[in-house]
Amino acid sequence: MDTQHVTVTVNGEAREADVEPRLLLVHLLRDVFGLTGTHIGCDTSNCGACTVHIDGESAKSCTLLALQVDGRRIKTIEGMASGADLHPLQQGFWDQHGLQCGFCTPGMIMQAAWMLERNPQPSEEEIREGISGNLCRCTGYVNIVKAIQQAAGMLSEADTAKAEAAAQVQG
Amino acid sequence: MQFSGKVDIKAPREKVFAFVTDPQQVGQCGPGVESIEVIDETHFKARAKVGVGFIRAKFVMDMELVEAVAPERAVIRARGQAPGSAVDATGTMTLSQGADAGATVMDWQADLTISGTIASLGGRMIEGTANKLIGQAFDCIRSRLEG
Amino acid sequence: MAVEMEVPTQTTPEVGGMGHSVKRKEDPRFIRGAGRYIDDVVLPGMLWLDIVRSPYAHATIKGIDASAALKIPGVLAVITGADLEKAGLHWMPTLANDKQMVLPTDTVMYQSQEVAAVVATDRYTAADGVAAVVVDYEPLPVIVDPFKAMEAGAQVLRPDREDRPNNHIWHWESGDRDATDRALESAAVRVSQRMHIPRIHVASIETCGCIADWDAIRGQMTLHMTSQAPHAIRTVLALVSGLPEHNIRVKTYDIGGGFGGKVPVYPGYVLAVVASLTVGKPVKWIEDRSENLQADSFARDYHIHAEMGATADGRITSLKVRTLADHGYTDAAADPSKFPAGLFNVITGSYDFPDAFVEVDGVYTNKPPGGVAYRCSFRVTEAVHAIERMVDILAHQIGKDPAQLRMENFIQPEQFPYKTPTGWEYDSGDYGKALKLAMEMIGYDDLRREQAEKRERGQLMGIGISSFTEIVGAGPSHQFDILGLKMFDSCEIRVHPTGKVLARIGVQTQGQGHETTFAQIIAEELGFPVADIKIEYGDTDTAPYGLGTYASRSTPVAGAATAMASRKIREKARHLAAHLLEANPDDLEWTNGKFSVKGSPDRSKTIQEIAFAAYTNHPQGMEAGLEAVDYYDPPNLTFPFGSYICVVDIERSTGEIKIRRFVAVDDCGNIINPMIVNGQIHGGLTMGLAPALYEQITYDENGNNLAGTFMDYLLPTAVETPAWELGKTITPSPHHPIGAKGVGESATVGAPPAIANAVVDALWHLGVRNIDIPITPPKVWAILQEKGVAT
Ligand code: FES
Ligand code: FES
């Protein structure tokens, strides 16, 4: 089959490939780029295991074609930590036992990160609503909710600290 | 699944009968039919593209005119497959003299079994879709005969 | 509000032995997306396998035309039943000693059955190949209903099983029929009920898959796969294929959830093996979700009729249960060989009464094989549902509070070990204590008052209880085997000279956290910090033989093996310490990870010092090194239990059920890691909620599976799942080396009847006695309309 060229930025790195027009984004990430942290759990965009960010928006990579993201910025679970420093959500999931088999976890973290960007102090109900497109078969969600709450707290503390530091510099 | 209905056609019975027993003609009215290949007088093959919900499938159908009693009754049996799916259908058409001279009443019955992916994934949408497609087929027969 | 209970500990948090909520050692890789699941594995030269599946639930295959598929560039081979037949591989044994087609040679028996396999260079081309294979079928009549399958004159689905005429697979019974009949006849109160526990699907978020890698030069077959029982797979593969077992290596990776669905051998695995043998390259097969939901990993499907006898004031005297078990076209249930209906006869539950009789008949139908577990130990969920529903029906029938009736019928703590009328010996329990705690946590009496007031006003509120007893940890090898393999389990521990530990176990984690909890057992027994202990499993070339993880058997069996192997090491360490301290071994005592001379605590050697000596300074005549292996054969099963209380409100305008609160008090004996135990219970409760309210695999009259995607098979999301409230009691298992009982499945077993009882409790006054699960809004809505209370 004929191939076409795609160029994307993945986790800050420029990547390109010649792909069949029918190749799904999730397969581009996993099979072509070897970024296997993004998982596949269904064929119908119900489970959210494949959630990534495209230009900062959460998206299910199993229902997009690779060609549709040509020229866009993609972030996957592999891009969440900076070196040894875990993202507050990664820390939250670990501290609160927000994962068991870990298969849903990357998608959950990506979805939660997007949610917290739009709503930094969500209520429990808003958290549950916000991750309702991501299925977890192991945890019963209780500890996932706690993990996201912990991360929300850490992120807002970090923000306050930043704001204070900025204020001091100015003052 | 069973469906039935009645269509009033402003055309004489002989003409209607000739139409529904001619693969090339009646074939044009099958849902999503893209091509017809006549094998012999009573057998033909149809290729059709059908969608149920989010699934789209290309079927290859083997059709057989199993009964033809001119000018009142015709039975067509169809069996076809698309990858992972199958359809088995029998359509019975009974033609009677309409109220007006030169008009025909067609009573039809369709017995349809859908198997595999389409039945499984199309789930609740199948019955409605099938009903609609069959209805369209008989409307098509009418309009072609009248037109 | 959850009641946090103090779990006793004997080690410091740094050591992290039993009772500490040690953070999981496996998590750093998962939270970074660095877990390694089967579909993440890529081998050089790897090919893809995809499967042609039958659209018909029952049909004769008249021909298969692969010519168009083989013309597609990149399609390398198409394998059919005829090809397998030449190698004698078209049938394979099931875990229940029936046989299952790998590929059919003449007849397909269920919709989506494997018909042919296509091998190609990548997954897209393989799928193209599948679409191009043309199969000529002649449809046959389909039997979906097991009752129809048993009718005289019904079409025989398995003519190859002449020993099983009339689609009847087996009859199994337990207990005393005559005594039970007599007790029922003389009972002052008799209640009976039919119920159906429908077919459901484990739906782990990762589907099944494997890579078979045949190395013709070395004569070595490596099967990389998602399996809960890798050693059993190796042995079965050796027996079926004739390859020597030492040249077969089964290797698992991180598993994205198992819940029983990854215990059996499915045709796809065998096809990948055959394909790799044929083409001489690694061949990968990964199911997609709709294949998974249509072809494998099914559980339940029991049609139960139960009858209970009691005295006028509600003392249970007897229970009789008849059951039809729909197994699909072959009996592939993952049950121990002597127990075709699993441990279903644990159906007398937490109650003390003398007479019980249970019978089960297995039936063939045109469905895929069922009967793997769904996070439950061998048919225990069906049993618990039946007894807990019956107890509630009895209570309502005689107008007694269901909690009170349970209290009055519980087996009392002093009656343990307790022999049930169907032959089990319960190890320990205090059922009243657990129920009492649950009632306190939820405020039971207040809720009953509120319910009475609401009922006056026409509002529908229900309270449901389930006081279940589980049966796990299979099991004693004189009773338990699968295909002849005895159900012991194992652990091998090696202590390195610098005091670091490598331990390998015969069980297989699918998210339970074995890398952490098994390290905690060793930390508890030997005093090495958890951080210094590495746990390995899932590679049959290195791990000791074990039967795998399912039926909550890891902690009861392999956990015991780990404690026993640790104790062997400690015994050797005592002799090494005696040598180092120039003392008599009997004069040494073991505390906090060191041996010291009784009476002079500063004359001591730590376990790390002893480990070093084992390689550098061991006494003459003693073997060097510090290693041990243990194969543990449990003397009995373990019997975790619990009491759950659920409060529901029913919306009269829609039939929607809202779970307002759900309190779960569990007793799983001694606790290794409270955080992990709670996580297991949260997950288990959610997999109990699922079949109670949402999940069911349904078939139309032509045998089409109508729940083939997550759009129709409804897993609970975070929105439907309530905020579970947990409590604990601790009643150690007296026969288990560390007193633990296992917990992974209790909640899945215990939760559904609590929910069903709550819904029926809300509607009993309208004349509703039972609603079969899943209790969906349309079912409730229909009842509300029939009773004239819908608004
Ligand atoms: S894999 Fe994309 S939503 Fe399930
Ligand atoms: S941790 Fe297993 S699916 Fe969420």
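For every chain, the first residue of its written sequence is number 1, and the numbers climb from 1 along that sequence. Chain letters start at A and ligand numbers start at 1, both assigned in the order the entries are written. Local features in this predicted model are restricted to residues whose pLDDT is 70 or higher, and side-chain atom pairs enter the listing and the counts only when it is 80 or higher, whereas totals over whole chains, interfaces and linings include all residues. With hydrogens and water excluded, all non-hydrogen atoms of the structure serve as input to the side-chain values.

Peer 1: Quick question: what am I supposed to make of the packing of helix α17 (residues 674-693) of chain C against helix α18 (residues 746-763) of chain C here?
Peer 2: The relative placement of two packed helices comes down to the angle between their axes together with the axis-to-axis distance. Residues and elements named next belong to chain C. Lines fitted to the C-alpha atoms define the axes, with helices restricted to the stretch that makes contact. Angles between their N-to-C directions range from 0 to 180 degrees. Working definition: helices are DSSP H or I runs of at least four residues, strands are E runs of at least two. Numbering for both runs from the N terminus. Where α17 contacts α18, the two axes come as close as 7 Å, and the packing angle between them is 45°. As summarised for this structure, α17 and α18 are arranged oblique, according to the angle between their axes. In the packing of α17 onto α18, the handedness of the crossing is right-handed. Across the interface between the two elements, Ile681, Gly684, Leu685, Met687, Gly688, Leu689, Ala692 and Leu693 of α17 pack against Ala747, Thr748, Ala751, Pro752 and Ile755 of α18. Three classes are used, and their members are as follows: Ala, Val, Leu, Ile, Met, Phe, Trp, Tyr, Cys and Pro are nonpolar, Asp, Glu, Lys and Arg are charged, and the others, Gly among them, are polar. A breakdown of the residues in the contact of α17 with α18 according to their chemical character gives ten nonpolar, three polar and no charged. Note on terminology: angles under 35 degrees are roughly parallel, angles over 145 are roughly antiparallel, angles of 65 to 115 are roughly perpendicular, and the others are oblique. By definition, any crossing whose near helix is turned counterclockwise from its far helix by less than a right angle is left-handed, and any crossing with a clockwise turn is right-handed. Contacts: residue pairs with any heavy atoms within 4.5 Å of one another.

Peer 1: Explanation requested: the sheet that holds strand β26 (residues 588-591) of chain C in the structure shown.
Peer 2: Adjacent strands of a sheet pair through backbone hydrogen bonds, lying either parallel or antiparallel. Residues and elements named next belong to chain C. We call two strands paired when DSSP finds no fewer than two bridges between them. A sheet is described by the order of its strands in space; here three strands give the open sequence β26-β27-β28, paired in antiparallel fashion. With partners counted over all chains shown, the strands left at the sheet margins are β26 and β28 (600-606), one partner each. When the angles between neighbouring strand axes are averaged without regard to direction, this sheet yields 35°. Both strand β27 (residues 594-597) and β28 contribute to a ladder of four bridges, which runs antiparallel. Its bridge partner lying in β28, Val597 is registered against Ser600. Those strands touched by helix α16 (residues 607-616) are β26, β27 and β28, and its axis lies near 50° from that of β28.

Peer 1: Would you explain the interface of chain C and chain B in this entry?
Peer 2: Quite often, the size of an interface is put as the accessible area lost when its parts meet. Taken residue by residue, the interface counts 20 residues in chain C and 18 residues in chain B. What counts as buried area is the accessible surface, traced by a 1.4 Å probe, that two parts surrender upon association, with contributions from both included. Of the roughly 1400 Å² buried between chain C and chain B on both sides combined, carbon and sulfur atoms contribute 48%. When the buried surface of chain C facing chain B is broken down by residue, Pro55, Tyr56 and Asp712 of chain C rank first, second and third, together holding 31% of it. Definition used for salt bridges: Asp or Glu carboxyl oxygen within 4 Å of a side-chain nitrogen of Lys or Arg. Here chain C and chain B share one salt bridge between them. Among the salt bridges present, the one from Glu138 of chain C reaches Arg79 of chain B, with a minimum N-O distance of 3.4 Å. Whenever two N or O atoms come within 3.5 Å, that pair is a polar contact, provided that in protein one can donate a hydrogen and the other can accept it, and provided that, for residues adjacent in sequence, both atoms are side-chain atoms. Here chain C and chain B share eight residue pairs in polar contact (both at pLDDT 80 or more) between them. Elements supplying a minimum of two residues to the side of chain C that touches chain B: β8 (134-139) and α9 (289-295) of chain C. Examining the composition of the side of chain C that touches chain B, we find that five residues originate from one element, β8 of chain C, more than from any other. A per-class count over the side of chain C that touches chain B returns eight nonpolar, eight polar and four charged.

Peer 1: Would you explain the environment of Thr311 of chain C in this entry?
Peer 2: Residue and element names in this part refer to chain C. With respect to the secondary-structure elements, Thr311 resides in the loop between β15 (298-310) and β16 (316-326). Remark: the alpha-carbon pair of Thr311 and Ala187, spanning 124 residues in sequence, is separated by 6.1 Å. Ignoring sequence-local partners within four residues, the contact set of Thr311 consists of Ala188, Val189 and Thr317. Here the side chain of Thr311 touches Asp313 through a polar contact of 2.6 Å, side chain to side chain.

Peer 1: Any chance you could explain the packing of helix α10 (residues 380-398) of chain C against helix α11 (residues 402-409) of chain C here in plain terms?
Peer 2: Residue and element names in this part refer to chain C. Following both chains from N to C, one finds α10 and α11 inclined at 115°, their axes separated by 9 Å at the closest point. In terms of axis orientation, α10 runs roughly perpendicular to α11. Like other packed secondary-structure pairs, α10 and α11 cross with a definite hand, here right-handed. Judged by residue contacts, Glu388, Val391, Asp392, Leu394, Ala395, His396 and Ile398 of α10 engage Pro402, Leu405 and Arg406 from α11. Among the residues making up the contact of α10 with α11, the classes are represented as six nonpolar, one polar and three charged.

Peer 1: Please explain the sheet that holds strand β29 (residues 627-632) of chain C as it appears in this structure.
Peer 2: All names here are of chain C. Across the sheet, which stays open at both edges, the four strands sit in the order β25-β24-β23-β29 with mixed pairing between neighbours. Each edge of the open sheet is held by one strand with a lone partner, namely β25 (533-536) and β29. The average angle at which neighbouring strand axes cross in this sheet is 15°, direction not considered. As paired strands, strand β23 (residues 489-495) and β29 are joined by six bridges and run antiparallel to one another. In the sheet register, Cys491 faces β29, and the bridge partner there is Asp630. Each of β23, β24 (501-505) and β25 is contacted by helix α14 (residues 514-526), which is oriented at about 130° to β25, the strand it contacts most.

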